Amino acid sequence: QVQVVESGGGLVQAGGSLRLSCTASGLTFDDYAMGWFRQAPGKEREGVASIASDVTTYYADSVKGRFTISRDNAKNTLYLQMNSLKPEDTAMYYCAADHHYYGLDPIYNYWGQGTQVTVSS
C-alpha cells in the first residue's frame, strides 16, 4: 500500500520561514519523481516545485528564489524549505509521487492528505 504523508505546516507571519516534509512508503523512493502542490480555497491546484529521480528541479515562477525543494533518498523523505513567505502563499500543500516525471503538472499518481500553511501579516 503506497502511503504519502506531509508534515510541517502551520501559521507563520509574512517574511517568516517554514519547512515542509513528506515521507513516502510502499514504493521504491529512489525511482520516483516527487512534487509539491498547493491549493487555496476557490483556486485550482497548482504546482509549486518538483524534483526528478535524477535530482532535476522545477519551480513555479511565483516561488523562485524563495523556496527550495530537496530529497533524502536514504530517509524516503522530500522537503520544501519556504523562506520569505507571503500571505498569497497561504494554501493547503500536497506532496505527490509518480514513477514518471511530470514537472509541475498536477497529474502525479500518488498524493498525500495535505498540510495547511497559513501566512499572516
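Everything here concerns the structure above.
Just so we're clear, the structure is a prediction, and the values are computed from it rather than from any experiment.

Student: What is the right way to look at the state of the cysteines in this model?
Tutor: Each disulfide is one covalent bond, formed between the sulfur atoms of two cysteines. This structure, assessed with the given rule, holds one disulfide. Here Cys22 engages in a disulfide with Cys95; their sulfurs sit 2.0 Å apart. One quick way to see it: the torsion about the S-S bond of Cys22 and Cys95 is about -75°, and its sign makes the bridge left-handed. Separated by 73 residues along the polypeptide, Cys22 in strand β3 (residues 18-25) and Cys95 in strand β9 (residues 91-98) bring together distant segments of the chain.

Student: Before we go on, may I ask you to explain the nonpolar core in this structure?
Tutor: Generally speaking, nonpolar side chains in soluble globular proteins are found buried as a group. Grouped together as the largest cluster of nonpolar side chains are 28 residues, with contacts concentrated most on Met34, Trp36, Leu80, Met82 and Tyr93. At the level of secondary structure, the elements contributing two or more residues to this core comprise β3, β4 (33-39), β5 (46-51), β7 (67-72), β8 (77-82), β9 and β11 (115-120). Leave out the neighbours within four places in its chain, and Leu80 touches Leu18, Arg19, Leu20, Trp36, Val48, Ala49, Phe67, Thr68, Ile69 and Tyr93.

Student: For this particular structure, what's the right way to read the sheet that holds β7?
Tutor: An order of β1-β3-β8-β7 is seen for the four strands of this open sheet, with the pairing classed as antiparallel. Here the strands that pair on one side only, and so sit at the sheet edges, are β1 (3-7) and β7. Looking at each pair of strands side by side, their axes are set apart by 15° on average, direction ignored. Here six bridges tie β7 to β8, and the two strands are oriented antiparallel to one another. Bridging from a neighbouring strand, Ile69 pairs with Leu80 of β8.

Student: What is the right way to look at the pattern of salt bridges in this model?
Tutor: Under the defined criterion, the tally for this structure stands at four salt bridges. Between Arg38 and Glu46 there is a salt bridge whose closest N-O contact spans 2.9 Å. Arg38 gets classed as buried once you look at its relative accessible area, which sits at 6%. Put simply, Asp89 and Arg38 hold a salt bridge, and the shortest N to O gap is 3.0 Å. Taken as a pair, Asp89 in the loop between β8 and β9 and Arg38 in strand β4 lie far apart in primary sequence, 51 residues in all. We note that Asp89, like Arg38, is buried. A network of salt bridges, in which partner residues are shared, links Arg38, Glu46, Arg66 and Asp89.

Student: Explain the environment of Ile51 to me, please; I cannot follow it from the model alone.
Tutor: Relative to the assigned elements, Ile51 resides in strand β5. Taking the C-alpha atoms as reference, Ile51 lies 14 Å from Tyr94; in sequence the two are 43 residues apart. Not counting residues within four places of it along the chain, the set of residues in contact with Ile51 comprises Ala33, Met34, Thr56, Thr57, Ile69, Ser70, Arg71, Leu78 and Tyr101.

Criteria and cut-off values
Position numbers for residues count from 1 along each chain, tracking the sequence in the order it is written. Given that the model is predicted, a residue must reach a pLDDT of at least 70 before its local features are reported, and side-chain atom pairs must reach 80 or more before they are shown or counted; all residues, however, enter totals for whole chains, interfaces and linings. Just so you know, side-chain values use all the structure's heavy atoms and leave hydrogens and water out. To count as a disulfide, a pair of cysteine sulfur atoms needs to be within 2.5 Å. A run of H or I in DSSP becomes a helix once it reaches four residues, and a run of E becomes a strand once it reaches two; helices and strands are each numbered from the N terminus. By convention a nonpolar core is built from buried Ala, Val, Leu, Ile, Met, Phe, Trp, Tyr and Cys residues, the set being connected through side-chain atoms within 4.5 Å. Burial classification: accessible surface area is computed with a 1.4 Å probe over protein chains only, and a residue below 20% of its type maximum counts as buried, one above 50% as exposed, and the rest as partly exposed. Here, residues are in contact when the closest pair of their heavy atoms is within 4.5 Å. Criterion used throughout: strands pair if DSSP finds at least two bridges between them. Helix axes are fitted only over the stretch in contact, all axes being lines through C-alpha atoms; the angle between N-to-C directions runs from 0 to 180 degrees. By definition, a salt bridge exists where a carboxyl oxygen of Asp or Glu is found within 4 Å of a side-chain nitrogen of Lys or Arg.

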